[in-house]
There are 2 protein chains.
Amino acid sequence: MPSRSADDDPRLGDVSEGTILRAILSRTAPASHAILGPGDDAAVIATPSGSVVATTDTLVHGPDFRLAWSTGYDLGWKSAAVNLADVAAMGARPTALLVALAVPRDLRLSFVEQLADGFREACEALAPGCAVVGGDLTVSDVLTIAVTALGDLEGREPVTRAGARPGDVVAVAGELGHAAHGLAVLFGRFRDGGVPVPIDSDLLESGERAALSAQLRPAPPIGLGVMASVAAATAMMDISDGLALDAGRLAAASDVTLDLSRAALGEHPERALAGGEDHALLATFPSDVLPPGFRIIGAVRERGADGVLCDGLPVSSDGWDPYRDWDSTAG
Amino acid sequence: MPSRSADDDPRLGDVSEGTILRAILSRTAPASHAILGPGDDAAVIATPSGSVVATTDTLVHGPDFRLAWSTGYDLGWKSAAVNLADVAAMGARPTALLVALAVPRDLRLSFVEQLADGFREACEALAPGCAVVGGDLTVSDVLTIAVTALGDLEGREPVTRAGARPGDVVAVAGELGHAAHGLAVLFGRFRDGGVPVPIDSDLLESGERAALSAQLRPAPPIGLGVMASVAAATAMMDISDGLALDAGRLAAASDVTLDLSRAALGEHPERALAGGEDHALLATFPSDVLPPGFRIIGAVRERGADGVLCDGLPVSSDGWDPYRDWDSTAG
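Keep in mind that this is a model prediction, so the values were computed, not measured. (Residues numbered from 1 in each chain as written. Chains lettered and ligands numbered in written order. Predicted model: local features only at pLDDT ≥ 70, side-chain atom pairs only at ≥ 80, totals over all residues. Heavy atoms only, no water.)

**A word on the interface of chain B and chain A**
So the rule is basically this: We call two residues in contact when some of their heavy atoms are within 4.5 Å. Reported buried area values correspond to the accessible surface (1.4 Å probe) lost by two parts on association, with both partners' losses combined. For salt bridges, the criterion is a side-chain nitrogen of Lys or Arg within 4 Å of an Asp or Glu carboxyl oxygen. Whenever a nitrogen or oxygen atom comes within 3.5 Å of another N or O atom, the pair is scored as a polar contact, on the condition that within protein one atom can donate a hydrogen and the other can accept it, and that pairs from neighbouring residues in sequence are kept only if both atoms are in side chains. Gly counts as polar in this scheme, as do all residues outside two lists: the nonpolar Ala, Val, Leu, Ile, Met, Phe, Trp, Tyr, Cys and Pro, and the charged Asp, Glu, Lys and Arg.
Contact residues are listed per partner, giving 66 residues for chain B and 66 residues for chain A. In total, about 5000 Å² of surface goes out of reach between chain B and chain A, with carbon and sulfur atoms giving 56% of it. Where chain B touches chain A, the interface holds four salt bridges. Where B:Arg161 meets A:Asp41, a salt bridge forms, and the shortest distance between an N and an O atom there is 3.3 Å. Inspection of the chain B/chain A interface yields 21 residue pairs in polar contact (both at pLDDT 80 or more). Classifying every residue of the side of chain B that touches chain A gives 37 nonpolar, 16 polar and 13 charged.

Next comes the structure, spelled out in structure tokens:
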């Protein structure tokens, strides 16, 4: 990111809302489905196939990120990515984002510019054609980024969590446990750090770099959501709260048991089961189908006493619950 | 609202996310356009006319509301209403809301229940068929309600801010200045109040009650947005930051001057010009057209030195700018 003196980089409280909005909008790329983009009371997005997929997800300073660890660019990127993943998990193609920002007045203008750059580049990298089409800016003592993502099913049925059938295979696309590893690195090595951690820092081993990148700038396999749908996925969801917990949700919605194979969960199966924020795609497919990018991690069984098994044994499913797990005093 | 003992009404920090979500979802009505409602990664909303209108707006504790003045019901209602107004201002019919809540852990469960009731009843009253189809819940020290509203143009073109032409009439539907009056009543009479102000309190005169109602539970004329579009409105917008400021925005987008008539602005023209948060609809129409519910307040002229005149004289257009106008220490 460009270095800039404080004189050139006013605090948000010292400039007008119009200045901030212009800085953001000048960094917005056109969305290929936008009939009307930012600047009016609302945006208008084309939905030629007759429906729109819509989801919202919020990042809050404290429970969801720390400015000591994340740059504005990181936060824009991650806020886009986690919402794009929810659209992908329905089997849809993301078309547009709306971004509601509540920002403290002592933040610098460059922070908001980086945020806008992160949104734009995440869309370009993960979901080409999708872009920010609208938003809202307000002031708050707690930096809060609420994003709504829209998507198009292109005439396909949505892939819900409820369609898994005994005999299907359980598969994932994307990383498992890396984001949680990245969080552990941040807490372990940068707990008291006062500036964002450079992902390419020489202080990091390559495994740590990959983990930090997964935590700070996740790159979920957005395009594979459409591929899974085309390949007749019977159920699909975004893994945001850890595989064990989210697999339990899919199992409950489908009234089945998912029997996972520990050997398929990589070098750190416990981390893969418990870790949150991966935004990998969890899907079930008929046993004779597996689209590129997905790997089999288990099988769907008739519903038993437990929704999720690993090598036949029950899996505890403690995922991330912000009400239980976040302590504002400890951070 | 039902009274309930603290024992029956746990703090959010003492219950699970699932309990909170069930309390909210049990209060959600079906949206008539929803193909898939809450509970999966995303909702799916029918858009038979081939496009979707989308807007987002956020209410933050401090600059946008105080829990000392607003009940949960009030906040749900207002959060819905201000977003529905943006959809209406495009000439569209609201179809669905997505609600991202960031809530402190010391709030009571009943507060969230009231919030959900307010969302539902505002939709039922102002935009029948529209309802909450999805959302997100996270924890924050600052209560923040970010809403996205979707709408359907039913085959019509969107009514932007940019189409006003010299010779058109300027018209409004809805109240002007009442919400600002309500805010003045709150600051003047309830500045140090510790509980929400009952809108029907005997402490209030009837004018004050109407003003407080406009501030705390605004009822913008949502259905008139579609009527204005059908009646060939040339431009339209939601008046959220005061008539003078927003009329200046419409004038700039259309490259015209709006010449308002002070006599048409009611008993308190200064309040009508400056007051924010009315969420009335400002529209321009060909001079031979005026749909029911709209009243003429001026005429569109060729662009002059000033975007907004009142009785031929320039109007200062200081609206509400949260970066300039909100002081977190003074509240």
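So that's the structure; there's more coming.
**Concerning the packing of helix 2 (residues 72–88) of chain A against helix 3 (residues 109–126) of chain A**
Residues and elements named next belong to chain A. Using the following cut-off: Simply put, an axis is a line fit to the C-alpha atoms, just over the touching stretch for a helix, and the angle between two N-to-C directions goes from 0 to 180 degrees. Secondary structure elements follow DSSP: runs of H or I no shorter than four residues count as helices, runs of E no shorter than two count as strands, and numbering proceeds from the N terminus. The cut-offs work like this: below 35 degrees is roughly parallel, past 145 is roughly antiparallel, 65 to 115 is roughly perpendicular, and the gaps in between are oblique. Note on convention: the crossing is left-handed when the near helix lies turned anticlockwise from the far helix by less than a right angle, right-handed when the turn is clockwise.
Interaxial distance between helix 2 and helix 3 falls to 6 Å at its minimum, and their mutual angle equals 40°. Looking at the two axes, helix 2 sits oblique to helix 3. Both helix 2 and helix 3 take part in a crossing whose hand is right-handed. Within the contact between the two elements, helix 2 uses Gly 72, Tyr 73, Leu 75, Gly 76, Trp 77, Ser 79, Ala 80, Ala 81 and Leu 84 and helix 3 uses Phe 111, Gln 114, Leu 115, Asp 117, Gly 118, Phe 119, Glu 121, Ala 122, Ala 125 and Leu 126. The residue inventory of the contact of helix 2 with helix 3, partitioned by class, reads 12 nonpolar, five polar and two charged.

**Here we look at the relation of the copies chain B and chain A**
The following threshold applies: Alignment of the copies relies on least squares applied to C-alpha atoms, considering only residues that score at least 70 for pLDDT in both.
When chain B is fitted to chain A, the residual RMSD is 0.0 Å, and the transformation amounts to a turn of 180° plus an axial shift of 0.0 Å. The two molecules are tied by a two-fold rotation axis, judged by turn and shift. Taking C-alpha positions as the reference, the residue of chain B nearest the rotation axis is B:Gly50, at 2.8 Å. In this assembly, 100% of the residues forming the interface of chain B have copies in chain A that are likewise at the interface, indicating an isologous arrangement.

**Considerations on the domain arrangement of chain A**
All names here are of chain A. Put simply, the test is: Start and end positions for the domains come from either an automated domain assignment or a database one.
One can read the domain layout of chain A as domain 1 (14–152) and domain 2 (169–191 + 209–318). On a C-alpha basis, the centroid separation for the pair domain 1 and domain 2 is 26 Å. If you look at where domain 1 meets domain 2, you find two salt bridges. The closest approach of N and O atoms between Asp 74 and Arg 217, which form a salt bridge, is 2.4 Å. At the surface where domain 1 touches domain 2, the tally comes to four residue pairs in polar contact (both at pLDDT 80 or more). Among the elements of the structure, helix 2 and strand 4 (93–103) are those that each provide at least two residues to the side of domain 1 that touches domain 2. Element by element, the count of residues in the side of domain 1 that touches domain 2 is highest for helix 2, at 10 residues. Looking at the side of domain 1 that touches domain 2 residue by residue, the classes come out as 14 nonpolar, two polar and six charged.

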